[in-house]
Amino acid sequence: MSVQTEKSLLIDLLQNINDASIIQKVKNFVLHEIEPAPLSDNQKKELDRRITDHRENPKSGVDAFEFLDSLKSKYEL
């Protein structure tokens, strides 16, 4: 995936932040455009740890809107 494609997707996401269909667009993009890479044993353990932490305390993570705002600032969009 090119940098321009990533930037275009990010701009679309930020411009349509209140549009629920953007979630479906991102999901479709991830499922169809990004090829999965195999995880190392350490990555698998870290992923399992994060999933367990999230299940035990689902509100402890980063707010999605705060994350998108930080990306917007980072890329000056």
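Within an unreviewed UniProt entry, the label attached to the chain reads Addiction module protein, and the organism entered is Flavobacterium magnesitis.

S.K.: Sorry if this is basic, but what is going on with the nonpolar core here?
M.R.: Side chains that are nonpolar tend, in soluble globular proteins, to be buried together. Among the nonpolar cores identified, the biggest contains 6 residues, and these are Leu10, Leu13, Leu14, Ile22, Leu68 and Leu71. Among the secondary structure elements, those contributing two or more residues to this core are α1 (3-15) and α4 (64-74). With 3 residues, α1 is the largest single contributor of residues to this core. Those residues in contact with Leu13 that lie beyond four places of it in its chain are Ile22, Val26 and Leu68.

S.K.: Sorry if this is basic, but what is going on with the environment of Lys25 here?
M.R.: You can see Lys25 is positioned in helix α2 (residues 21-33). Distance from Lys25 to Asp12, taken between C-alpha atoms, is 9.8 Å for residues 13 residues apart in sequence.

S.K.: How should I be thinking about the pattern of salt bridges in this particular structure?
M.R.: Side chains that carry opposite charge are capable of pairing whenever their charged atoms lie near each other. Following the criterion strictly, the structure yields 3 salt bridges and no others. For Arg49, the salt bridge identified is with Glu46, shortest N-O distance 2.5 Å. Within this pair, Arg49 and its partner Glu46 are both found in helix α3 (residues 41-56), separated by 3 residues, close to a single helical turn. For Glu46, a relative accessible area of 29% gives the class partly exposed. Between Arg50 and Glu46 there is a salt bridge, and its shortest N-O distance comes to 2.8 Å. Here Arg50 pairs with Glu46, and both are found in helix α3, just 4 residues apart, close to one helical turn. Beyond isolated ion pairs, a larger network of salt bridges with shared partners links Glu46, Arg49, Arg50 and Asp53.

Rules used throughout
- Residues numbered from 1 in each chain as written.
- Predicted model: local features only at pLDDT ≥ 70, side-chain atom pairs only at ≥ 80, totals over all residues.
- Heavy atoms only, no water.
- Core = buried A, V, L, I, M, F, W, Y, C linked by side-chain atoms within 4.5 Å.
- Buried < 20%, exposed > 50% of the residue type's maximum accessible area, 1.4 Å probe, protein only.
- Helix = DSSP H or I, 4+ residues; strand = E, 2+ residues; numbered from the N terminus.
- Contact = heavy atoms within 4.5 Å.
- Salt bridge = Lys/Arg side-chain N within 4 Å of Asp/Glu carboxyl O.

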